[in-house]
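The primary structure of each chain is shown beneath.
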Amino acid sequence: MDFLTILGLIAGALTTIAFLPQMYKTWQSKSAKDVSFVMLITFMSGLLLWLIYGLALNALPIIIANAISFIFNLIILVLKIRYK
């Protein structure tokens, strides 16, 4: 694996892990009132486009980071709807 791929994987891991505290807090408190629905939808749209871009380039760091981030944000969205 070359340096740029490793760099991309580390960057993707850090930005993906950043969503875990929000997801955990939402799950534990059973409240997502402070999470913006519009922000989640907009951000998830961007993640989906990044994922498509990564797939087109066959860029593993982009694919992994955005797929996992999309799933984490989808969980937050489901929790927001569930705990409304």
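Below is a short write-up of the structure. Note that the structure is predicted; figures quoted are calculated from it, not measured. (Residues numbered from 1 in each chain as written. Predicted model: local features only at pLDDT ≥ 70, side-chain atom pairs only at ≥ 80, totals over all residues. Heavy atoms only, no water.)

## Concerning the overall build of the protein
Then, in step 1: In terms of regular secondary structure, the protein is built from four helices and zero strands.
Then, in step 2: When the helices and strands of the protein are read in sequence order from the N terminus, they spell out α-α-α-α.
Then, in step 3: Seen along its three principal axes, the alpha-carbon backbone of the protein occupies a region of about 45 × 20 × 15 Å.
Then, in step 4: In the protein, which comprises 84 residues, the share counted as buried stands at 30%.
Then, in step 5: Looking at the protein alone, contacts between residues at least 24 apart form 72% of all its contacts between residues at least 6 apart.
Then, in step 6: In the form shown here, the protein has an accessible surface area of approximately 5,900 Å², with 74% of it arising from carbon and sulfur atoms. (Helix = DSSP H or I, 4+ residues; strand = E, 2+ residues; numbered from the N terminus. Buried < 20%, exposed > 50% of the residue type's maximum accessible area, 1.4 Å probe, protein only. Contact = heavy atoms within 4.5 Å. Areas by Shrake-Rupley, 256 points an atom, 1.4 Å probe, with all protein chains shown as cover.)

## Some thoughts on the side chain of threonine 26
Then, in step 1: If you trace the backbone, threonine 26 turns up in helix H2 (residues 20-29).
Then, in step 2: With near-sequence residues (within four places) excluded, threonine 26 lies in contact with Ser31, Ala32, Val35, Leu79 and Tyr83.

## Describing unusual backbone geometry
Then, in step 1: Although it is not a glycine, lysine 30 adopts a positive phi angle of roughly 55°.
Then, in step 2: Unusually for a residue other than glycine, asparagine 58 sits at a positive phi of about 55°.
Then, in step 3: Assignment of secondary structure puts asparagine 58 in the loop between helix H3 (37-57) and helix H4 (60-82).

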